[in-house]
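# Coordinate analysis (summary)
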Amino acid sequence: IAMLTLIAVVAFLPVPMVVTTPATLRPEKIQSLFASRSATVQQIHVSHGERVQQGQALLTMHDPELEKQITTLLGRHAVLLQKQAAITTALVDTASHRSDRSEQIQSERSLVAEELQAIDDQLQILKRVKESLVLRATEDGVVDSWQIGRRLLGRPVVRGDKLLEVIGEDTAWLVDARVPLSRIASVRSALQSESLRTAVLIDGSETPNHTAIVQQFGPSMRNVKDDTDTKAVVLRIENGALFGAGPVSGSPVRVLFRCESKPAIGVLFYDALEAVRSTIGLYWSARSQPTENAA
């Protein structure tokens, strides 16, 4: 009797429901840089983890076709300038002689001037395109691109290819967690009662863990690795910037949800009890359906 009493006391002793799940870390403010056109990565000016300032050059690309177009236009521009100088000289020589010849030269001079203006406009456009091949930071931050030189230097890229990222210097950090669907009710209940406590564990961090708050609940999805249903949960780390801890975007972390206290037996056999509860609910729903339809 004493043993059974002890087991019963232990079984109904309140203990907190703890849910742990893997997650990924991402910054709230991040600049993703993409290739503006097909080109070759010619030079990389920064390295992973380097602090950069707004407007600083990060990467330079080279487009041989673009350079060829610019060189061709510059050559044609030089030829037209020589032709314009020759027309001006001829115009001075014939100014006091034949008026019909002077009109012809004036017409040629106008055509050359129009073509020069068109070339100047094209060169301005091509120079702006060339300037776009130099990717620059839009704000102060830290470069987040592992082995960028090995991955990109000297390699061709096409328009839209993602090249590197810059994390905002004072950014907050978000955590994308996937909570098992069987545990999400406990997390929601603890959040509503304001008893939920969370901790984010980052490998290599200077602090053992970071506190976080739940931002929002996302859609349900299937985890193909273990064939389980999960619920997306987004958390926001309260400790501020984490550069000292050395995390990068997409780093794997673990999230611990400390929910409301339940009897020890309820925590131990939570999945079994939830399965029985859902089965009974479906059973009574199926039994009551014909009655409702008949009514």
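Residues numbered from 1 in each chain as written. Predicted model: local features only at pLDDT ≥ 70, side-chain atom pairs only at ≥ 80, totals over all residues. Heavy atoms only, no water.

## As for the side chain of Thr 21
For Thr 21, the location among the structural elements is in strand β1 (residues 14-27). Thr 21 sits in the buried class, given a relative accessible area of 2%. From its side chain, Thr 21 meets the backbone oxygen of Arg 178 in a polar contact 2.4 Å long. If we ignore the near neighbours within four places in the chain, the residues touching Thr 21 are Ala 177, Arg 178, Val 179, Val 253, Arg 254, Val 255 and Phe 257. (Helix = DSSP H or I, 4+ residues; strand = E, 2+ residues; numbered from the N terminus. Buried < 20%, exposed > 50% of the residue type's maximum accessible area, 1.4 Å probe, protein only. Polar contact = N/O pair within 3.5 Å; in protein donor to acceptor, adjacent residues only side chain to side chain. Contact = heavy atoms within 4.5 Å.)

## Focus on the packing of aromatic side chains
In the structure shown here, the tally under the stated rule is zero aromatic pairs. Positioned above the aromatic ring of Phe 217, the side-chain terminus of Arg 188 is 4.2 Å from the ring centre. (Phe/Tyr/Trp six-rings, centres within 6.5 Å; stacked < 30°, edge-to-face > 60°. Lys NZ or Arg CZ within 6 Å of the ring centre and 35° of its normal.)

## Examining the pattern of salt bridges
Applying the stated criterion across every chain, the model contains six salt bridges. Arg 236 serves as the salt-bridge partner of Glu 28, at 3.0 Å between the closest nitrogen and oxygen. With Glu 28 in the loop between β1 and β2 (30-34) and Arg 236 in strand β13 (residues 228-237), this residue pair connects regions lying 208 residues apart in the sequence. A relative accessible area of 39% places Glu 28 in the partly exposed class. Of the charged contacts, one joins Glu 165 and Lys 162 as a salt bridge, the two residues approaching to 2.3 Å between their closest N and O atoms. Overall, Glu 165 belongs to the buried group, its relative accessible area being 12%. (Salt bridge = Lys/Arg side-chain N within 4 Å of Asp/Glu carboxyl O.)

## Regarding the environment of Val 19
Within the secondary structure layout, Val 19 lies in strand β1. Sequence separation between Val 19 and Val 255 is 236 residues, and the spatial gap between their C-alpha atoms is 8.2 Å. Beyond its immediate chain neighbours, meaning those up to four positions away, Val 19 contacts Val 179, Arg 183, Val 255, Leu 256, Phe 257 and Cys 259.

## Some details on the side chain of Thr 171
Inspection of the secondary structure assignment puts Thr 171 in the loop between β9 (162-168) and β10 (173-180). At 3.1 Å, the side chain of Thr 171 and the backbone nitrogen of Glu 28 are in polar contact.

## As for the pairing of β2
Residues Gln 31 and Leu 33 point to one face of β2 and are all buried, whereas Ile 30, Ser 32 and Phe 34, pointing to the other face, are not buried. By the bridge criterion, five bridges tie β2 to β9 in an arrangement that is antiparallel. The residue bridging Gln 31 from the neighbouring strand is Val 166, located in β9. (Pairing = 2+ DSSP bridges.)

## Points about unusual backbone geometry
Outside of glycine, negative phi angles account for most residues, and trans bonds account for most peptide bonds. Positioned with a positive phi, Glu 194 is a non-glycine residue whose angle comes to about 60°. Topologically, Glu 194 is positioned in the loop between α5 (184-192) and β11 (197-202).

## Regarding the sheet that holds strand β5 (residues 57-62)
The pairing of strands in a sheet comes from backbone hydrogen bonds and takes either a parallel or an antiparallel form. Read from one edge to the other, the open sheet built from four strands follows the order β6-β5-β3-β8, with strand pairing classed as antiparallel. Strands at the two margins of the open sheet, each flanked by one partner only, are β6 (134-136) and β8 (156-157).

## What about α5?
Every buried residue belonging to α5 is among Ile 184, Ser 186, Val 187 and Ala 190, and all of these are buried. Within α5, the buried residues cover an arc of 160° as seen down the axis, which keeps them to one side. Backbone geometry just after α5 places Glu 194 at a positive phi near 60°. (Arc of directions from axis to C-beta.)

## Regarding the environment of Trp 173
On the secondary structure map, Trp 173 appears in strand β10. Its relative accessible area of 0% is what places Trp 173 among the buried residues. For the pair Trp 173 and Glu 28, spaced 145 residues apart in sequence, the C-alpha to C-alpha distance is 5.6 Å.

## Some details on the nonpolar core
Grouped together as the largest cluster of nonpolar side chains are 32 residues, with contacts concentrated most on Leu 58, Leu 59, Met 61 and Leu 163. Apart from residues no more than four positions distant in its own chain, Leu 163 is found in contact with Leu 33, Phe 34, Ala 35, Leu 59, Met 61, Leu 135, Ser 145, Arg 151, Leu 152 and Val 157. Ranked by size, the runner-up nonpolar core spans 24 residues in total, among them Met 17, Leu 196, Ile 237 and Phe 257. (Core = buried A, V, L, I, M, F, W, Y, C linked by side-chain atoms within 4.5 Å.)

## A closer look at the sheet that holds β2
With antiparallel pairing, the four strands of this open sheet are ordered in space as β2-β9-β7-β4. At either margin of the open sheet sits one strand with a lone partner, and together these are β2 and β4 (51-52).

## Quick look at the confidence of the model for the chain
Confidence in the prediction for the chain averages 79 pLDDT; 76% of positions are at 70 or higher. Counting contacts from residues 291-295, a segment whose pLDDT is below 50, to residues more than four positions away or on other chains yields zero contacts. (pLDDT = per-residue confidence, 0-100.)

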